[in-house]
Structure formats: structure tokens, C-alpha cells
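Below are the chains, spelled out letter by letter.
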Amino acid sequence: MNLPESVGSRIRELRKAKGWTQEQLAEVASLHYSYIGGVERGDRNISLETLEKIIAAFQIPAEEIFRFEDDTDRRKALDEHMTLISCRSTEEIAALTKINLEVIAALDISGEKNTK
């Protein structure tokens, strides 16, 4: 898969994680829905300005567009998590991070008990 196809596929994954149609993404990014379809298929040679509009529409860090992983179930779960927190304030994200760290620590302790 070449870079335009990989980026397009990633945009499709992120769009679906948000539960958006191509039309909804196009509206938020101020693009035409048929253009979004072409980008997702890798048919369009997307400009950096257009990519910036899509990234802003998703409210994600730019590097998320280039995060290609083979494990689609894992990627889907991470995308859903990113979607849940992306519209939150910095303070809320910090609070959620603290909660996640506590949950992960509890899971790690539980896992250690189960392996002994």
C-alpha cells in the first residue's frame, strides 16, 4: 500500500471511529464529500492544507494520521478512545489520564496475582 492509500485508509478509520459519514467529515472540514471519498480510496493527491483541515476536523494530533498499525482491532479501540477524549478540555484530559493510570495499575496488580 502506498502513502496516499495508507493515509486515506487511516482517515477512513478515524472517520468511522467518530461515527461520521463522508458527508459529515466533509462538512466539518469544509470539503466536498466526493473529495473525501477520493482521499479515502487513495485516488486523490491530498495537499498539506487539505490534510490540515481534516486533522482539525478530527481534533487529533497530526501524527495520528500517520499511525499505521496492522492490528486493526487494537487500532480501532485506540481510535475510539482518542475520539472520546479529543473534544475534552486539557483539565478533563489530565483527570482522565490520572484515572486511566489508576485503572492500569490495578490491572497490573491483578495480573501479577493471577500469574503467581
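Residues numbered from 1 in each chain as written. Predicted model: local features only at pLDDT ≥ 70, side-chain atom pairs only at ≥ 80, totals over all residues. Heavy atoms only, no water.

### As for the pattern of salt bridges
Per the counting criterion, the structure on display carries eight salt bridges. Between Arg 10 and Glu 64 there is a salt bridge whose closest N-O contact spans 3.2 Å. Here Arg 10 is found in helix α1 (residues 3–18), whereas its partner Glu 64 is found in the loop between α4 (48–58) and α5 (72–86), with 54 residues between them in sequence. Glu 64 matches Arg 10 in its accessibility class, with the two residues each being buried. (Salt bridge = Lys/Arg side-chain N within 4 Å of Asp/Glu carboxyl O. Helix = DSSP H or I, 4+ residues; strand = E, 2+ residues; numbered from the N terminus. Buried < 20%, exposed > 50% of the residue type's maximum accessible area, 1.4 Å probe, protein only.)

### Description of the nonpolar core
Nonpolar side chains in soluble globular proteins tend to be buried together. Among the nonpolar cores identified, the biggest contains 18 residues, and Ile 11, Leu 25, Ile 54, Phe 58 and Ile 65 are the most heavily contacted of them. If you list the elements that add at least two residues to this core, you get α1, α2 (22–29), α3 (33–41) and α4. The greatest single-element share of this core, amounting to five residues, is contributed by α4. Setting aside residues no more than four positions away along its own chain, Phe 58 makes contact with Ile 11, Leu 14, Arg 15, Lys 18, Trp 20, Leu 25 and Ser 86. (Core = buried A, V, L, I, M, F, W, Y, C linked by side-chain atoms within 4.5 Å. Contact = heavy atoms within 4.5 Å.)

### A look at the confidence of the model for the protein chain
On average, residues of the protein chain score 90 in pLDDT, and 96% of them are at 70 or above. α5 is the least confidently modelled element of the protein chain, averaging 83 in pLDDT, while α2 averages 97, the highest of any element. (pLDDT = per-residue confidence, 0-100.)

### A short note on α1
For α1, built from 16 residues, the straight-helix expectation of 22 Å at 1.5 Å per residue is met to within 8% by its first-to-last C-alpha distance of 23 Å. The backbone nitrogen of Glu 5 has a side-chain oxygen 2.9 Å away, supplied by the residue at the start of α1, namely Asn 2. Backbone geometry just after α1 places Gly 19 at a positive phi near 75 degrees. (Expected span 1.5 Å × (residues − 1). Polar contact = N/O pair within 3.5 Å; in protein donor to acceptor, adjacent residues only side chain to side chain.)

### Remarks on the environment of Ile 93
Checked against the element boundaries, Ile 93 lands in helix α6 (residues 90–115). On the basis of relative accessibility, which here comes to 28%, the residue Ile 93 falls in the partly exposed class. Each C-alpha atom of the pair Ile 93 and Lys 16 lies 22 Å from the other, and the pair is 77 residues apart in sequence. Discounting chain neighbours no more than four positions away, the residues touching Ile 93 are Ile 85 and Arg 88.

### Details of a nonpolar patch on the surface
Residues Leu 96, Ile 99, Val 103 and Leu 107 make up a contiguous nonpolar surface patch of about 350 Å² in total accessible area. For Ile 99, the location among the structural elements is in helix α6. (Patch = residues over 30% accessible without salt bridge, like charges linked within 9 Å, V, L, I, M, F, W, Y side chains within 5 Å. Areas by Shrake-Rupley, 256 points an atom, 1.4 Å probe, with all protein chains shown as cover.)

### Remarks on unusual backbone geometry
Phi at Ser 30 takes a positive value of approximately 60 degrees, unusual for a residue other than glycine. In this fold, Ser 30 is placed in the loop between α2 and α3. We classify Ser 30 as exposed; its relative accessible area is 56%. Although it is not a glycine, Gln 59 adopts a positive phi angle of roughly 55 degrees. Tracing the backbone through its elements, the reader meets Gln 59 in the loop between α4 and α5. Gln 59 sits in the partly exposed class, given a relative accessible area of 44%.

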